[in-house]
Amino acid sequence: MLQQNNFKEGKIVKINKDLYTVLSEESVLSCYVRGKLKNDKLTVGDNVLIDLNSLTIEKQLPRKNTLIRPLVSNIDSLFIVVSTEVPAFSEYLLDKMLSLAIYNKIKPIIIVTKLDKIKRNERNKILKVLKYYKKYFNVYKNTEIRKIIREINGKTVALCGQTGAGKSTLLNKIDKNLKLNTDEVSYALGRGKHTTRLVELIKVKGGFIADTPGFSSLDLNISTDELKYTFPDFMVQCKYKSCNHIKEDGCKVIERVKSNKILYSRYENYLKLLKETRL
Ligand SMILES: Nc1nc2c(ncn2[C@@H]2O[C@H](COP(=O)(O)OP(=O)(O)O)[C@@H](O)[C@H]2O)c(=O)[nH]1
Ligand SMILES: [Mg+2]
Ligand SMILES: [Zn+2]
């Protein structure tokens, strides 16, 4: 008997060996992969077509991006969790994560933690720096939970930030059912640097959140000539169109750094990151 195909779109939320957990509308399906697809690398976050009769994944839909360690695709937003004290505020890590997000077509969202733990003058200094970032990015304090929740709806979100920055604490505030352990040393560390740890997407507040301890760092796989495009505050026309803003002659970016229109640390970090790029 000829069987009618009954295809439906879904999202892979978990992979355990050969078994793929796919969320399609409100149903959770356990699927296997159609043989010929096996060689294609499916990851958590992939949108797929499933055959509801055989519960097999038939087709991988086009991807927007893929992050590695942990391996996850189609991330819309990256919550960059930055602590202001222990671990200390690091503009360098912040700028690096911002570049990586933008390069991978991910909307970066800066979330600042532990402002309650620092003295007033230190806090004012950091808030002044953040005011600059606010001109180009969405910036929230970790106490602004309702605004943060609004960023999750309809999106797939990953978190990054140093161990101890307050990622698990934040997730617990976003959804009280999560009950993640805080102060837990990221177990990705204990497993050695190159082991991929399993990642799962959890449905939270109308979106998906990658349940990882967080990307503590991501490889900077940006080419030297592309790095500048990941700095939205550097979008001014220099004398030479291809200017990488290293030499003075006619460089509008350097001009803006000198007149304090561009935050000096942003430019410094840009030069540092240039050294980490590939040619
Ligand atoms: N005072 C204060 N402590 C915080 C804040 N956010 C997190 N913490 C504490 O910082 C420690 C590390 O937080 P955790 O969420 O485990 O960090 P993670 O490693 O990024 O997941 C925990 O003891 C938290 O209670 C904050 O905004 N203020
Ligand atoms: Mg944690
Ligand atoms: Zn320039």
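Since the model is a prediction, treat every value here as computed from it, not as a measurement.

Draft legend 1. Seen up close, the confidence of the model for the protein. Across the protein, the average pLDDT comes to 89, with 90% of residues at or above 70. Ignoring residues within four places in sequence, the model shows residues 187–196, a span with pLDDT below 50, making six contacts including any to other chains.

Draft legend 2. Focus on the pairing of strand 9 (residues 107–113). Among the seven residues of strand 9, six are classified as buried, and the element is accordingly described as predominantly covered. Both strand 8 (residues 77–83) and strand 9 contribute to a ladder of seven bridges, which runs parallel. Bridge pairing in strand 9 links Ser77 to Lys107. Between the parallel pair strand 8 and strand 9, the chain is carried across by helix 1 (residues 91–103), and the sense of this crossover is right-handed. Bridge count between strand 9 and strand 10 (residues 138–141): four bridges; the pairing is parallel. If you follow Val112 over to strand 10, its bridge partner there is Lys141. Once you follow strand 9 into helix 2 (residues 120–134) and on to strand 10, the crossover reads as right-handed.

Parameters at a glance
- Residues numbered from 1 in each chain as written.
- Chains lettered and ligands numbered in written order.
- Predicted model: local features only at pLDDT ≥ 70, side-chain atom pairs only at ≥ 80, totals over all residues.
- Heavy atoms only, no water.
- pLDDT = per-residue confidence, 0-100.
- Contact = heavy atoms within 4.5 Å.
- Buried < 20%, exposed > 50% of the residue type's maximum accessible area, 1.4 Å probe, protein only.
- Helix = DSSP H or I, 4+ residues; strand = E, 2+ residues; numbered from the N terminus.
- Pairing = 2+ DSSP bridges.
- Right-handed = clockwise from strand over helix to strand, strands pointing away.

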